[in-house]
Amino acid sequence: KAGVTQTPRYLIKTRGQQVTLSCSPISGHRSVSWYQQTPGQGLQFLFEYFSETQRNKGNFPGRFSGRQFSNSRSEMNVSTLELGDSALYLCASRQGQSSPLHFGNGTRLTVT
Amino acid sequence: AQKVTQAQTEISVVEKEDVTLDCVYETRDTTYYLFWYKQPPSGELVFLIRRNSFDEQNEISGRYSWNFQKSTSSFNFTITASQVVDSAVYFCALSEGYNAGNMLTFGGGTRLMVKP
């Protein structure tokens, strides 16, 4: 079974631009979560989607948004990029409420 | 508020040594889950183990073992006879409530370097 797939692996954007990251969960997994990893703040929860609905959101500004499609694939969008948004963005999926998260390799975003 | 502390930021050992990674957590919930993940240089977080707050039984899986003690709010991870392939950053994480794995709070991670 293929794991969680994130595209692209690397992105370089300029301050003020927007970016969209993509995540394909493990087949059969309907829940997708996003995490941001930075050297300063560590791993922080962004949001979780289940059946196309956002179930939980972390403490991030409204510039961070996401969505989930009917095939469980998910995208996250960051608008008006700031230098501090440079990070590794990790997507994770799980089969059900009692299942652990399985993570992808992440997308490394650099904002210049 | 929930919190996870991994006091050891970096550990260096020689191959075949045993090593213990410490994890201390804080939560007001009586129901919660604890996790350990491994992050190799490739970046993905690899799930190692999950423990719920009602199960204090220690677990062994090959060279890996976990010691969960509610009395000290600790969930420590021991690697026996370490190998170079164990080199990675290890994260302890906590999830409150019955929804196992939702909204994980991660510790700062421990970078383990195993030298040949």
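Residues numbered from 1 in each chain as written. Chains lettered and ligands numbered in written order. Predicted model: local features only at pLDDT ≥ 70, side-chain atom pairs only at ≥ 80, totals over all residues. Heavy atoms only, no water.

> Any chance you could explain the overall build of chain B here in plain terms?
Summing up its helical and strand segments, chain B has 0 helices and 12 strands in all. Its helices and strands taken in sequence order, chain B reads β-β-β-β-β-β-β-β-β-β-β-β from the N to the C terminus. Taken against the 2.2 N^0.38 rule, which gives 13 Å for 116 residues, the C-alpha radius of gyration of chain B at 14 Å falls within 12% of a compact globule. Taking all 116 residues of chain B together, the buried fraction comes to 47%. In chain B, 57% of the contacts between residues at least 6 apart in sequence involve partners at least 24 apart. When the accessible surface of chain B is totalled, it reaches about 5,600 Å², and 48% of it is carbon and sulfur. Within chain B, the 13 negative side-chain charges are centred at a point lying 2 Å from the centre of the 10 positive side-chain charges. (Helix = DSSP H or I, 4+ residues; strand = E, 2+ residues; numbered from the N terminus. Rg over C-alpha atoms; globule rule 2.2 N^0.38 Å. Buried < 20%, exposed > 50% of the residue type's maximum accessible area, 1.4 Å probe, protein only. Contact = heavy atoms within 4.5 Å. Areas by Shrake-Rupley, 256 points an atom, 1.4 Å probe, with all protein chains shown as cover. Lys, Arg positive; Asp, Glu negative; His and termini not counted. Charge placed at Lys NZ, Arg CZ, Asp CG, Glu CD.)

> Looking at this model, I keep getting lost on the side chain of B:Gln8. Mind explaining?
Residues and elements named next belong to chain B. Along the polypeptide, Gln8 turns up in the loop between β1 (3–5) and β2 (10–14). Only 3.2 Å separates the side chain of Gln8 from the backbone oxygen of Thr20, close enough to count as a polar contact. When near neighbours in sequence (up to four residues on either side) are disregarded, Gln8 contacts Thr20, Leu21, Asp22, Gly109 and Thr110. (Polar contact = N/O pair within 3.5 Å; in protein donor to acceptor, adjacent residues only side chain to side chain.)

> Which parts of the structure should I look at to understand the pattern of salt bridges?
As a working rule, side chains carrying opposite charge can pair if their charged atoms are close by. All names here are of chain A. A full pass over the atoms with the stated rule returns 9 salt bridges over all chains. Ionic pairing is found between Arg63 and Asp85, a salt bridge with its closest N-O pair at 2.8 Å. With a gap of 22 residues between them, Arg63 in the loop between β6 (53–57) and β7 (64–68) and Asp85 in the loop between β8 (74–78) and β9 (87–94) connect regions that are remote in the sequence. When sorted by exposure, Arg63 lands in the same class as Asp85, which is buried. Salt-bridge contacts for Arg67 lead to Glu75; the nearest nitrogen and oxygen are separated by 3.3 Å. Arg67 gets classed as partly exposed once you look at its relative accessible area, which sits at 47%. Residue Glu75 is classed as buried on the basis of its relative accessible area of 16%. Several salt bridges share partner residues, and in doing so they unite Glu48, Arg55 and Arg94 into one network. (Salt bridge = Lys/Arg side-chain N within 4 Å of Asp/Glu carboxyl O.)

> When you look at the side chain of B:Ser82 in this model, what are you seeing that I'm missing?
Relative to the helices and strands, B:Ser82 resides in the loop between β9 (74–79) and β10 (88–96). Excluding anything up to four places from it in sequence, B:Ser82 contacts B:Val13, B:Val14, B:Glu15, B:Lys16, B:Glu17, B:Arg63 and B:Val114.

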